[in-house]
Amino acid sequence: MNYPLRIHFKTLALANQGSVTDSTGSVIFFVKQKAFKLREAITVFTDQTQETPLCTIKANKIIDFSAQYFFANMSGDALGSVKRAGVRSLWKADYTTLDNDGNPVMKINEENGWVKVLDTVLKDIPVAGMFSGLLFNPSYLVTRPDGTPIARIKKEAAFFEGKFKIEKLGEIEPEEELRFLLGCFTSILLERFRG
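Cut-offs and rules
Residues numbered from 1 in each chain as written. Predicted model: local features only at pLDDT ≥ 70, side-chain atom pairs only at ≥ 80, totals over all residues. Heavy atoms only, no water. Helix = DSSP H or I, 4+ residues; strand = E, 2+ residues; numbered from the N terminus. Buried < 20%, exposed > 50% of the residue type's maximum accessible area, 1.4 Å probe, protein only. Contact = heavy atoms within 4.5 Å. Phe/Tyr/Trp six-rings, centres within 6.5 Å; stacked < 30°, edge-to-face > 60°. Pairing = 2+ DSSP bridges.

Visitor: Would you explain the side chain of Thr 21 in this entry?
Guide: By the secondary structure assignment, Thr 21 is in strand E2 (residues 17-21). For Thr 21, a relative accessible area of 18% puts it in the buried group. The residues contacting Thr 21, other than those within four sequence positions of it, are Pro 4, Leu 5, Arg 6, Ser 26, Val 27 and Ile 28.

Here you go:
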C-alpha cells in the first residue's frame, strides 16, 4: 500500500460512509455503516461501487464506552478486534487492537487530551463552534504494545466533514496490514465528529 492514506467521510448521507485512498488517489476501501442499527454494523467494500464486500465490523454491545468491535471476513472468519478503553477514553481516546486470541497487537492513543477539552468547549459557543473543525484537530499515535510507533493518524482541518491522514512511521507486516487498517478506521469512525 502506498502511504500516506487519506480517509474522507461523506457529509450528506443517511448512513456513515467513508472512502480510504492511497497516495496515488486510488480507492482501496469504501466503508458503509448500516443506518438505524442499535449495534454498530459496518461493511468494508473493495471500492465505491459496493459490489464486492471485503469484511465486516460489528460491535458486541449496544451503546457502551467499553464496546468491542470485531472484524470478520465475508466467510465469517475472525480477523481480530478493537476495544475502547471505557471511561478512560473520555479524557483521551484510547483503543487497543487485538488479534484473534485476544492478545493486544496495537494501541491507538490520542496524543494531546487538551485538544479534546478545547474542542468540546468551543463547540458549545454559538457561531464559534462552526470553526472548531479548523482550529482543534486531534492526532493519534498508533504503537505496538511495547511503545514502538507504527503510524500517526491526523484529523485535517475541514468544515462540516471528516478528513484524516494516516502516515506510516514503522514497519507493518503484510499479514497484519488489514487488521491495522480496520483498527485505525474503527477508531476514526468513533472519533470523527471531534475537531
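Visitor: Is there a simple way to think about the packing of aromatic side chains in this case?
Guide: To describe a pair of aromatic rings, you give the distance between the ring centres and the angle between the ring planes. A full pass over the atoms with the stated rule returns 2 aromatic pairs. Residues Phe 9 and Phe 164 carry aromatic rings whose centres are separated by 6.2 Å and whose planes lie at 90° to one another, so their mutual orientation is edge-to-face. On the criterion of sequence distance, the pair formed by Phe 9 in strand E1 (residues 5-9) and Phe 164 in strand E12 (residues 163-168) is long-range, its members being 155 residues apart. Neither residue differs from the other here; Phe 9 and Phe 164 are each classed as buried. Ring geometry for Phe 9 against Phe 185: centres 5.7 Å apart, planes inclined by 40°, an arrangement best described as tilted. Taken together, the positions of Phe 9 in strand E1 and Phe 185 in helix H3 (residues 177-191) put the pair 176 residues apart, joining distant regions of the chain. Phe 185 shares its class with Phe 9; the two are buried.

Visitor: It is not clear to me how the pairing of strand E4 (residues 41-45) should be interpreted in this structure. Could you clarify?
Guide: Two faces belong to every sheet, and in a regular strand the side chains alternate between them. In terms of residue burial, E4 counts as a mostly covered element, since 5 of its 5 residues are buried. Residues of E4 alternate between two faces, with Ala 41, Thr 43 and Phe 45 on one and Ile 42 and Val 44 on the opposite face, all of them buried. The sheet contact formed by strand E3 (residues 27-33) and E4 spans 4 bridges and is antiparallel. Within E4, the position partnered with Val 31 by the bridge is Val 44.

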